[in-house]
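Breakdown of the fold
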Amino acid sequence: MASRLWASKAASYLKISTFNRGFASVVKDLKYADSHEWVKVEGNSATVGITDHAQDHLGDVVYVELPDVGATVTQGSSFGAVESVKATSDINCPVSGKVIEVNQKLTSSPGLVNGSPYEKGWIIKLEMSDTNEVNSLMDSERYSKFCEEEDKH
C-alpha cells in the first residue's frame with residue numbers, strides 16, 4: 001500500500017493523471033488493448049508496455065524477451081514475452097508498425113516492468129504503419145471497467 005501511495009504522489013508531482021483501482025493504476029492519456037498492453041501515441045510514434053494490472057497479476061518479472069530493432073509488428077500479434085515467478089505471458093502489440101527502439105534496460109533490470117510499468121518499464125517504441133488502429137483500443141475509463149469485469153471471473 002505504501003508503494004501505491006508513493007506512486008500516487010509521484011504521479012501527482014509528474015502531473016500524470018491516474019485512476020486508482022485499489023490494486024493497479026491506469027494512466028488517463030494512454031490507450032489499452034484487451035490483452036493488457038498500453039500504448040502512448042505521439043504523432044506517428046508509439047511507445048508500448050504492459051499495464052500495471054498485467055504486471056500485478058504476473059508477479060515479479062524476471063525476464064523480458066525483446067524483439068529486434070527493425071522488426072515489423074502487427075496489431076494483436078505477439079512480439080515478445082514477459083517471464084515472471086508465476087508465469088510466462090506473450091506481449092501483443094496494440095498497433096502495427098516497425099520497431100525503432102527497444103528498452104535495453106529491461107535486459108539487466110526486468111523488474112522495471114513491475115516498479116514503473118508506464119515510465120521506465122516501457123518495452124518497445126515503434127513507427128506506426130496505421131495510426132487509425134488506435135481507434136480500436138480502449139481509453140482509461142473503459143479499460144478500468146474491463147479489468148474490474150475480468151477480475152470478477
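Going by the structure above, here's the rest.
The text that follows walks through the structure, step by step, so that each part is easy to find. Bear in mind that the values here come from a model prediction, so they are computed numbers and not experimental data. (Residues numbered from 1 in each chain as written. Predicted model: local features only at pLDDT ≥ 70, side-chain atom pairs only at ≥ 80, totals over all residues. Heavy atoms only, no water.)

Brief notes about the pairing of strand β4 (residues 37–42)
Rule in force here: When DSSP finds two or more bridges between a pair of strands, those strands are recorded as paired. Elements are defined by DSSP. Helices are runs of H or I of four residues or more, strands are runs of E of two residues or more, and each kind is numbered from the N terminus.
Inspection of the sheet shows strand β3 (residues 31–32) paired to β4 by 2 bridges, in the antiparallel sense. Note on β4: the bridge partner recorded for Y32 is W38. Between β3 and β4, which pair antiparallel in sequence order, lie 4 residues; one of them, H36, sits at a positive phi of approximately 75°. Here β4 folds back onto strand β5 (residues 45–50), and the loop between the two strands holds 2 residues, one of which, G43, carries a positive phi near 65°.

A few points about the environment of S129
Let me state the cut-off plainly: Buried, partly exposed and exposed residues are distinguished by accessible area as a fraction of the type maximum, computed with a 1.4 Å probe on protein chains only: under 20%, between the cut-offs, and over 50%, respectively. For this analysis, residues touch if any pair of their heavy atoms sits within 4.5 Å.
Its location among the elements puts S129 in the loop between β11 (124–128) and α5 (140–152). A relative accessible area of 59% places S129 in the exposed class. Counting along the chain gives 32 residues from S129 to G97, while the straight-line C-alpha distance between them is 4.6 Å. When residues no more than four places from it in sequence are discounted, the contact partners of S129 are S96 and G97.

Here we look at the sheet that holds strand β9 (residues 88–92)
Our working rule: Angles here are taken between N-to-C directions and fall from 0 to 180 degrees, while the axes themselves are lines fitted to C-alpha atoms, restricted in helices to the stretch in contact.
One open sheet holds the 3 strands; their spatial order is β6-β8-β9, and the pairing between them is antiparallel. Pairing within the sheet leaves two strands with one partner each, and these edge strands are β6 (61–65) and β9. On average, each strand axis in the sheet is tilted by 25° relative to the strand beside it, whichever way the strands run. Note: strand β8 (residues 78–84) against β9, 5 bridges, orientation antiparallel. Residue pairing across strands places S78 opposite N92, the latter belonging to β9.

Digging into the packing of aromatic side chains
So the rule is basically this: Side-chain rings of Phe, Tyr and Trp (the six-membered ring for Trp) are treated as a pair once their centres are within 6.5 Å; stacked means planes under 30 degrees apart, edge-to-face means over 60, and tilted covers the remaining angles.
All chains considered together, the criterion is met by 3 aromatic pairs. With a centroid separation of 4.5 Å and 10° between ring planes, the pair formed by Y32 and Y143 is classed as stacked. Separated by 111 residues along the polypeptide, Y32 in strand β3 and Y143 in helix α5 bring together distant segments of the chain. Like Y143, Y32 is buried. For the pair Y143 and F146, a centre-to-centre distance of 6.3 Å together with 25° between the ring planes defines the contact as stacked. Residue Y143 and its partner F146 are located together in helix α5, separated by 3 residues, close to a single helical turn.

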